[in-house]
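# Examining the three-dimensional arrangement
Take a look at the letters that make up each chain.
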Amino acid sequence: MAQRYSSFDKGGRMWLLQRVTAAFLLVVLAFHFFLLHFVHHADEVSFLMSAGRMETVSYYSLMVLFLLTATFHGVNGVYNALVNQGLTGTKRTVIKWTLVAASVVLIVQGIRTANAWAGIPLY
Amino acid sequence: MSQSYNRGLIEDFSRWREFEAGMWAWIFHKFTGWVLIGYLFTHIAVLSTAIPASGAETAVLQAGNDVYTQTIVSLEGLLLVRVLEVGLLSVAVFHMLNGTRLLLVDLGVGLESQDKSFYASLILTGAITVASVPTFIAGAF
């Protein structure tokens, strides 16, 4: 692949992504709490109501994006915290890929759940 | 090139006596972050009961007798879960307010008053949490 100049190094890109996802999560998490605790109430939850929301394309897309950004922001935050505490070398590589694997499991399971509600036969 | 400094570990005995507002903000942000990512994994695990529930008959779903509805309703029926949810709200609200403070500082706004904005985050978190208690506890008794 041809080399091209970019002022971003890898660390810089992750730094920016952590902040971009933070700004997105601020809005969507507030919406999530408000909708599911104040508009609807936690003890009134039912499969059909959850399915009714998830069958809407805009809600489904927002929730999948919410899952992706929250997983990235959370897992990258954990990784940063561990590096900050002095994680280096082989341990750092092992933990990094363990966190990547955990993220993949979380995202796959989250999307399977969303699909089960939305009636998408991919779960 | 970035440079790192050895500041010692925050766990070192009695270091907390030297902490100022910014250090407490850092500790609370880490702590609430760990709680939130832990909760995200638990949340998806519990919601996953929707996968087996989606195979249930329409009548079972309408009656709310499917495994998803039953799991959520029985969890929400426990006072302990409701109290933990209030705790989760306070943790999330603090992380969001302090995160906003960090984003603003990154953008060059409010570094001089970072201690005041940390105290404001704490007070607002307390106020929002207390104001939300009736909604979060409703129906638990």
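Where an unreviewed UniProt entry is consulted, chain B appears under the name Succinate dehydrogenase subunit C, with the organism given as Halorubrum cibi. Per UniProt, chain B has the following entry under Subcellular location (unreviewed entry): "Membrane".

If you check an unreviewed UniProt entry, chain A appears there as Succinate dehydrogenase subunit D from Halorubrum cibi. Of chain A, the UniProt comment under Subcellular location (unreviewed entry) reads exactly: "Membrane".

This next bit is on the interface of chain A and chain B. If you look at the interface, chain A gives 30 residues, while chain B gives 33 residues. Those elements giving two or more residues to the side of chain A that touches chain B turn out to be helix H1 (10-39), helix H2 (47-54), helix H3 (57-84) and helix H4 (89-118) of chain A. If you tally residues by element for the side of chain A that touches chain B, the top one is H1 of chain A, at eight residues. Looking at the side of chain A that touches chain B, its residues break down into 18 nonpolar, nine polar and three charged.

On to H3 of chain A. Residue and element names in this part refer to chain A. For H3, which comprises 28 residues, the first-to-last C-alpha distance of 40 Å matches the rise-based estimate of 40 Å (1.5 Å per residue) to within 8%. Considered for burial, the residues of H3 that qualify are Met63, Ala70, Thr71, His73, Gly74 and Gly77. Backbone geometry just after H3 places Gly86 at a positive phi near 105°.

Moving on to the packing of H3 of chain A against helix H1 (residues 21-47) of chain B. Remark: H3 of chain A packs on H1 of chain B, axes separated minimally by 10 Å, with the N-to-C direction vectors making an angle of 135°. Considered as vectors, H3 of chain A and H1 of chain B are oriented oblique to each other. Here H3 of chain A and H1 of chain B pass one another in a crossing that is left-handed. Each of Ala70, Gly74, Val75, Gly77, Val78 and Ala81 of chain A in H3 of chain A lies in contact with H1 of chain B, whose residues at this interface are Lys30, Gly33, Leu36, Ile37 and Leu40 of chain B. Of the residues that constitute the contact of H3 of chain A with H1 of chain B, the class distribution is seven nonpolar, three polar and one charged.

Reading the values: rules and limits
- Residues numbered from 1 in each chain as written.
- Chains lettered and ligands numbered in written order.
- Predicted model: local features only at pLDDT ≥ 70, side-chain atom pairs only at ≥ 80, totals over all residues.
- UniProt positions renumbered as here; feature names shortened; annotations may be inferred.
- Contact = placed C-beta atoms within 7 Å.
- Helix = DSSP H or I, 4+ residues; strand = E, 2+ residues; numbered from the N terminus.
- Nonpolar A, V, L, I, M, F, W, Y, C, P; charged D, E, K, R; others polar.
- Expected span 1.5 Å × (residues − 1).
- Buried ≥ 20, exposed ≤ 12 C-beta atoms within 10 Å, placed from the backbone.
- Axes fitted to C-alpha atoms, helices over the stretch in contact; angles between N-to-C directions.
- Parallel < 35°, antiparallel > 145°, perpendicular 65-115°, else oblique.
- Left-handed = near helix turned anticlockwise from the far one by under 90°.

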